Amino acid sequence: MITNNIFSFLKTLCYAIFGLLILINHTFADEFADNFQFNGFFTLDATITDQDLALISNSDNTVAYDANSLSFKNSLIGAQLSYSFTDNFTAVMQAKLYDKSKVSSSDETSLAQIDWAYISYDLGADLKARAGRFLVPFMQGTELRSVGFSRLWARPLIPNSGAGGYKEFIGVELLKHFAMGEGNWDFQLSLGQGEHDLERIKNKHIEVFSIRYQQDSFWIRSAVLSTQYDIYTQTNNLIKDSATALMFSTELEYTLQNFVFNGGYTQSKTDITPDNRNIYLSLAYNFDPFIPYVFHARSNQHFDLFDLPVLNPPNNGIDPQNPSSSMPLPPPPPMSLERPEGDLDIYHWALGVRYNFSERYALKFQLEHINEDNKANFKTEKGEGNALTIVLEGIF
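Residues numbered from 1 in each chain as written. Predicted model: local features only at pLDDT ≥ 70, side-chain atom pairs only at ≥ 80, totals over all residues. Heavy atoms only, no water.

Student: Help me understand the nonpolar core, please; the structure alone is not making it clear to me.
Tutor: In globular proteins that are soluble, nonpolar side chains generally tend to be buried together. Val136, Phe138 and Leu225 are the most contacted members of the largest nonpolar core, which totals 36 residues. Of all the elements in the fold, those that place two or more residues in this core are β6 (111–124), β7 (127–135), β8 (166–180), β10 (201–215), β11 (218–232), β12 (238–256), β14 (275–285) and β15 (290–303). Every residue in contact with Phe138, bar those within four places of it in the chain, is listed here: Ala163, Arg221, Ala223, Leu225, Met247, Phe248, Ser249 and Thr266. By size, the runner-up hydrophobic cluster in this structure holds six residues, among which are Leu53, Leu55, Tyr65 and Ala387. (Core = buried A, V, L, I, M, F, W, Y, C linked by side-chain atoms within 4.5 Å. Buried < 20%, exposed > 50% of the residue type's maximum accessible area, 1.4 Å probe, protein only. Helix = DSSP H or I, 4+ residues; strand = E, 2+ residues; numbered from the N terminus. Contact = heavy atoms within 4.5 Å.)

Following this line, the structure appears as C-alpha cells:
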C-alpha cells in the first residue's frame, strides 16, 4: 500500500480498527484482543558524510547523502500485526513507513510499504504452510533489513538490491522444524513469482530452499535460489526470453566467551544481468551493555557483453496500426553503445559500538569508509567517502 501522507495512512488504519470494535460486541472484542498481536520497530538514524554518497539503507533503496549535511533519511518506523483465527490458522502483516525522498528518481516524500502479508496454517509436527507476500528468504539481512534492532551494526551489510535484484515475491512457503540433540534444524521451501528492482525484468517464477542449524553459541544458514525471467530494453524490445539465475548464500554467527564472529557470502550466476558476489566479516566483543565491533564488506558485480536484439524496421516512420495517417511516428531513441563490461567492486570498512541500554532499545555509533573500484564502465551513484552515523533503534 502506497501513500504520500504518513498521517493519512495512520488515521485510516486507526479509523478502521475503531470502526471494527464498534461493530462487534464486548464478548467478541475480548476474544479479538486475546488473539491479536502487535509488535513495532523503529530506527532513528542521523548520518553525516564528507562526500556526496549513496549508502546501503534500512529500506528498499540506497540513501543519497549530500556532503557535510546531517540527514535523518535512513529513519523508519514499522509494525507487525497478527491475528489467530484458530490455534492453527493465523494472518500476518508487516509494514513500514519511511522517507522516499531519498530516492533520486522519486518525487514522493513518504512511503508506506507492506513487506509481509500472508496466512499461515500449522499442520502439526512442527510443519507450517504459508501463502501470500513475502520478503525473499535468501539471507537474514534481506528478511530483517528494516528491523535494525535485530542486527549489531548501524546499517545492513547486504546491498539494497537483495538477492540479485529480488526482494519480494508472492507465493507459498513450507517450513519444517527439527530438534535433534543439542541443536535445532529449520528447513524452508519457497515458491512463487518474484518482483525485480528493474521494471524491464519480468519474473516468471522463483524458488528458494534454505537450511538453518542452531546451537547455544552458534548458528549457520545456507540458501539456494533459482529463478527464470524475461528481459526487455527500455523501448520494450525483448532481449532474452526465459533467462535464468542461480544463487547461493551462506552466513553464520559464532560466540566464543565474549567474542562474537559474523560472516556471510553470496554468489550468483545469471543470464544477461550482472553476476553478483557479496562477502562480509565482523568481529565484536561483548562488554555488556557495550559491544564494540569492526567489519569489512565487499560487493562485486561482474558485467558481460551480450548481443542486443535486432529491432524491427520503423516502416518509414508510419504507424503500422494506422498506415493512412499523415503523421509519422517519432524515431526511436538512440541506444547507447557504451555498455558495462568487467567488474565493479565496492568496499566497506567500519568501526562502531552498540550500547544496549535496555532489553528493547539500543544506541549505535559507527564510522565507516567506503571505496569504489569501477573497472566496468558502469555509471554508479556516488560511492567513495566517509560516513559517521548515530542510530537509536528499538522494538515495542
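Structure's up, so let's keep going.
Student: How should I be thinking about the environment of Ser84 in this particular structure?
Tutor: Relative to the helices and strands, Ser84 resides in strand β4 (residues 76–84). Ser84 gets classed as partly exposed once you look at its relative accessible area, which sits at 24%. Ser84 sits 48 residues away from Phe36 along the chain, and the two C-alpha atoms are 6.7 Å apart. When neighbours within four sequence positions are excluded, Ser84 is seen to be in contact with Asn35, Phe89 and Thr90.

Student: Please clarify how the layout of surface pockets should be interpreted in this entry.
Tutor: Where empty space is left can be seen by rolling a probe of water-molecule size over the atoms. There is about 990 Å³ of room inside the second largest pocket. Residue assignment for the lining of the second largest pocket shows that the elements contributing at least two residues are β1 (36–49), β5 (89–98), β6, β7, α3 (140–143), β8, β9 (183–196) and β10. Considering every element that reaches the lining of the second largest pocket, the biggest residue donor is β6, with five residues. Taken together, the residues of the lining of the second largest pocket sort by class into 14 nonpolar, 12 polar and 11 charged. (1 Å grid on protein atoms, 1.4 Å probe; cavity = no way out; pocket = protein on both sides within 12 Å on 5 of 7 lines; lining within 4 Å. Points joined across faces, edges and corners; volume = space filled by probe spheres on them. Nonpolar A, V, L, I, M, F, W, Y, C, P; charged D, E, K, R; others polar.)

Student: Can you help me understand empty space enclosed by the protein in this one?
Tutor: Per the counting criterion, the structure on display carries three cavities of 30 Å³ or more. If you add up the space inside the largest cavity, you get close to 100 Å³. Forming the boundary of the largest cavity are Ser59, Asp60, Lys96, Asp115, Leu135, Thr142, Arg145, Ser146, Asn160, Gly162, Lys167 and Glu168. Quantified by volume, the second largest cavity comes out at close to 60 Å³. Lining the second largest cavity we find Ile56, Arg155, Pro156, Leu157, Phe295, Ala297, His348, Gln366 and Glu368. Looking at the lining of the second largest cavity, the elements with two or more residues in it are β15 and β17 (361–374).

Student: Please explain the pattern of salt bridges as it appears in this structure.
Tutor: Any two side chains of opposite charge can pair, on the condition that their charged atoms come close. Enumeration over the complete set of coordinates arrives at 13 salt bridges. With its nearest N and O atoms 2.4 Å apart, the salt bridge here joins Arg130 to Glu173. Taken together, the positions of Arg130 in strand β7 and Glu173 in strand β8 put the pair 43 residues apart, joining distant regions of the chain. With relative accessibility at 3%, the residue Glu173 sits in the buried group. A salt bridge links Arg133 to Glu195; the nearest nitrogen and oxygen atoms lie 2.9 Å apart. Residue Arg133 is located in strand β7, and its partner Glu195 is located in strand β9; the two are separated by 62 residues in the primary sequence. The buried category is assigned to Arg133, whose relative accessible area is 19%. Taken together, the shared-partner salt bridges in this structure form one network comprising Arg133, Glu168 and Glu195. (Salt bridge = Lys/Arg side-chain N within 4 Å of Asp/Glu carboxyl O.)

Student: Can you walk me through the side chain of Lys96 in this structure?
Tutor: Within the secondary structure, Lys96 sits in strand β5. A relative accessible area of 2% places Lys96 in the buried class. Separated by 3.3 Å, the side chains of Lys96 and Asp115 make a polar contact. Among the polar contacts made by the side chain of Lys96, one reaches the side chain of Ser146 at a distance of 3.0 Å. Those residues in contact with Lys96, other than ones at most four positions away along the chain, are Ser59, Asp60, Ile77, Gly78, Leu111, Ala112, Gln113, Asp115 and Ser146. (Polar contact = N/O pair within 3.5 Å; in protein donor to acceptor, adjacent residues only side chain to side chain.)

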